[in-house]
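Structure at a glance
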Amino acid sequence: MKTHSIAGQARRRWMITAGALGLGAVVALAGCSDSSGTAGATETRGATTTPDASTTDATQAACAAQLASNWIGMPGIDPDAPPPSATEVQTWAASIEPHLGPLRAGVPGDVASQVAVLAETVRGAAEGKPPADPDGSVNTALTAVNAWAHDTCGYTTLDVTNSDGSGLAGVPASLPAGPVALKFTNTGDPAKAGFILLLGRVRDGETATAADVQSGKTNIEAVADIVAVAQPTGSDPAYGLATLAAGRYIVTTPLGAPPQFSGVIAAGFEVS
C-alpha cells in the first residue's frame, strides 16, 4: 500500500489538531450549514447556503480573509523537506499579514483570541523565523477559526464522516465550483479512525479514481494536488477551507496511525 507520502504529510505538526486548515484558505487553510457529525450520518452534504441578513460586512470580510490565507503552504511544516530559507518564510508571512486585520475584526471574541495566536506565528515568520507548533496551539487556533468559518460564512459545505473504516459518508457526486468548507468526523471504533483527511484535485490527464487510491494502486499525491486537509483529534471533528476549481476530486484518509496504517478509504466527486 503506497502510504509513504501520506505519512509524510500526516507528520506535519500544525495539522495534527485538524484545523484545517484550508488550503489557500485554510489550511485547510482555511458554511453556514447544520453539520451535526453524529454517528452513522449518511446524508449527502454539499448544499450551498446563503448567509442571513445578520451577516455583516465585517463577517464577510473575515470569511474572505481566512479563505485567502495559505496556511497549508506554511514553510517548514513538512519534516521531509529541506529547511526553508529566511526569504521563503518571510514571503509566506507577507502573504498572510494583510488578511489578519480583517479576520480579527470580523470574528467573535473567543475566535479573535485564536486569531491572535496565528498572528504571533506570522510575526515570527516575518522576522525569518520558521513557524513551529511545539505545544499544538497553532493547530488549536486553526481548528477554531476554520470551525467558525464552516458554521458562519455560508460557503458550500462538505461534511465527511468515517464511522467504521469501510468508506466515507457525506461525499456527494458533485459540488459547485467556489469556496468549500470541509468538516471531517470519525465515529465508531478508534482503531478504524481516519488519521488525516486529504482533499485533492486530480491533475488534468490523470485517470486514477478514488477506487485506485483506496485499493493502494496509487497514492493520491501522485495523481492529485492537495487543496485541503483536516485532521481530527479523538472524536472532535476537523475543519478546512479551499476554493474548488472545475475538475475531478478525491477525498481520502489513511486509517490508524503512522507509520503503519491499516488501510486507506477514499471517495470521489466532480466540480463544475
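Structural data are supplied above this passage.
First, a word on what this report is: a plain description of the structure on this page. (Residues numbered from 1 in each chain as written. Predicted model: local features only at pLDDT ≥ 70, side-chain atom pairs only at ≥ 80, totals over all residues. Heavy atoms only, no water.)

Glancing now at the nonpolar core. One finds Trp 71, Trp 92, Val 107 and Trp 148 to be the most contacted residues of the largest nonpolar core, which totals 31 residues. If you list the elements that add at least two residues to this core, you get helix H2 (57-67), helix H3 (86-106), helix H4 (109-126) and helix H5 (137-152). Membership of the second largest hydrophobic core comes to 23 residues, among which are Leu 158, Leu 197, Ile 265 and Ala 267. (Core = buried A, V, L, I, M, F, W, Y, C linked by side-chain atoms within 4.5 Å. Buried < 20%, exposed > 50% of the residue type's maximum accessible area, 1.4 Å probe, protein only. Helix = DSSP H or I, 4+ residues; strand = E, 2+ residues; numbered from the N terminus.)

Our next topic: the packing of H2 against H3. Interhelical geometry of H2 versus H3 gives an angle of 135 degrees and a closest axis separation of 7 Å. Considering their axes alone, H2 and H3 lie oblique with respect to each other. Regarding H2 and H3, the two cross each other, and that crossing is left-handed. Across from Ala 58, Thr 59, Ala 61, Ala 62, Ala 65 and Gln 66 in H2, the residues of H3 making contact are His 99, Pro 102, Leu 103, Ala 105 and Gly 106. By residue class, the composition of the contact of H2 with H3 is 7 nonpolar, 4 polar and no charged. (Axes fitted to C-alpha atoms, helices over the stretch in contact; angles between N-to-C directions. Parallel < 35°, antiparallel > 145°, perpendicular 65-115°, else oblique. Left-handed = near helix turned anticlockwise from the far one by under 90°. Contact = heavy atoms within 4.5 Å. Nonpolar A, V, L, I, M, F, W, Y, C, P; charged D, E, K, R; others polar.)

By the definition in use, this model includes 4 salt bridges. One salt bridge connects Arg 123 with Glu 120, and the closest N-O pair in it is separated by 2.6 Å. Within this pair, Arg 123 and its partner Glu 120 are both found in helix H4, separated by 3 residues, close to a single helical turn. In this structure Arg 123 comes out as partly exposed when scored by relative accessible area, which is 45%. Ionic pairing is found between Asp 212 and Lys 217, a salt bridge with its closest N-O pair at 4.0 Å. (Salt bridge = Lys/Arg side-chain N within 4 Å of Asp/Glu carboxyl O.)

Across all of its chains, the model carries 1 disulfide by this definition. Two residues share a disulfide in this structure: Cys 63 and Cys 153, whose sulfurs sit 2.0 Å from each other. On the S-S bond that ties Cys 63 to Cys 153, the torsion sits near -90 degrees, and the link is left-handed. With a gap of 90 residues between them, Cys 63 in helix H2 and Cys 153 in the loop between H5 and strand S1 (156-162) connect regions that are remote in the sequence. Of the two residues, Cys 63 and Cys 153, neither departs from the other in class, the shared state being buried. (Disulfide = S-S within 2.5 Å.)

This paragraph deals with the sheet that holds S1. With respect to topology, 3 strands assemble into an open sheet ordered S1-S3-S6, the strand pairing being mixed. Strands at the two margins of the open sheet, each flanked by one partner only, are S1 and strand S6 (238-244). Between one strand and the next, the sheet's axes are offset by a mean angle of 25 degrees, whatever the strand orientation. As judged from the 7 bridges shared by strand S3 (residues 178-186) and S6, these two strands associate in the antiparallel manner. Paired with Leu 182 across the two strands is Gly 240, which belongs to S6. Relative to the sheet, H5 contacts S1, S3 and S6, its axis offset from that of S6 by approximately 60 degrees. (Pairing = 2+ DSSP bridges.)

Examined against the element boundaries, Asn 162 turns out to sit in strand S1. Taking the relative accessible area as the measure of exposure, Asn 162 reaches 0% and is therefore buried. At 2.9 Å, the side chain of Asn 162 forms a polar contact with the backbone oxygen of Lys 192. In contact with Asn 162, other than residues within four places in its own chain, are Gly 167, Leu 168, Phe 184, Thr 185, Asn 186, Thr 187, Lys 192, Ala 193, Gly 194, Leu 255 and Ile 265. (Polar contact = N/O pair within 3.5 Å; in protein donor to acceptor, adjacent residues only side chain to side chain.)

Looking now at H3. Two residues of an α-helix separated by three or four positions point the same way, owing to the 3.6 residues in each turn. Taking 1.5 Å of rise per residue, 21 residues should cover 30 Å, and H3 covers 31 Å from first to last C-alpha, within 8% of that figure. When the local axis directions of H3 are compared, the greatest deviation, roughly 35 degrees, occurs at His 99, which is followed within four positions by the proline Pro 102. Those residues of H3 that are buried are in contact with H2, H4 and H5. (Expected span 1.5 Å × (residues − 1). Bend = angle between axes of the 7 residues up to and from the residue.)

Moving on, we get to the environment of Thr 185. Considering the arrangement of structural elements, one finds Thr 185 in strand S3. Overall, Thr 185 belongs to the buried group, its relative accessible area being 5%. Separated by 53 residues in sequence, Thr 185 and Ala 238 have C-alpha atoms that sit 6.6 Å apart.

The terminal C-alpha atoms of H5 lie 22 Å apart, and with 16 residues this matches the ideal 22 Å at 1.5 Å per residue to within 8%. Of the positions making up H5, those classed as buried are Val 138, Asn 139, Ala 141, Leu 142, Thr 143, Val 145, Asn 146, Ala 147, Trp 148, Ala 149 and His 150. Residues of H5 that are buried make contact with H2, H3, H4, S1, S3 and S6. Trailing H5 by a residue or two, Gly 154 shows a phi angle of about 75 degrees, which is positive.

It is worth stressing that arrangement in space is one thing and function is another; only the former is reported here.
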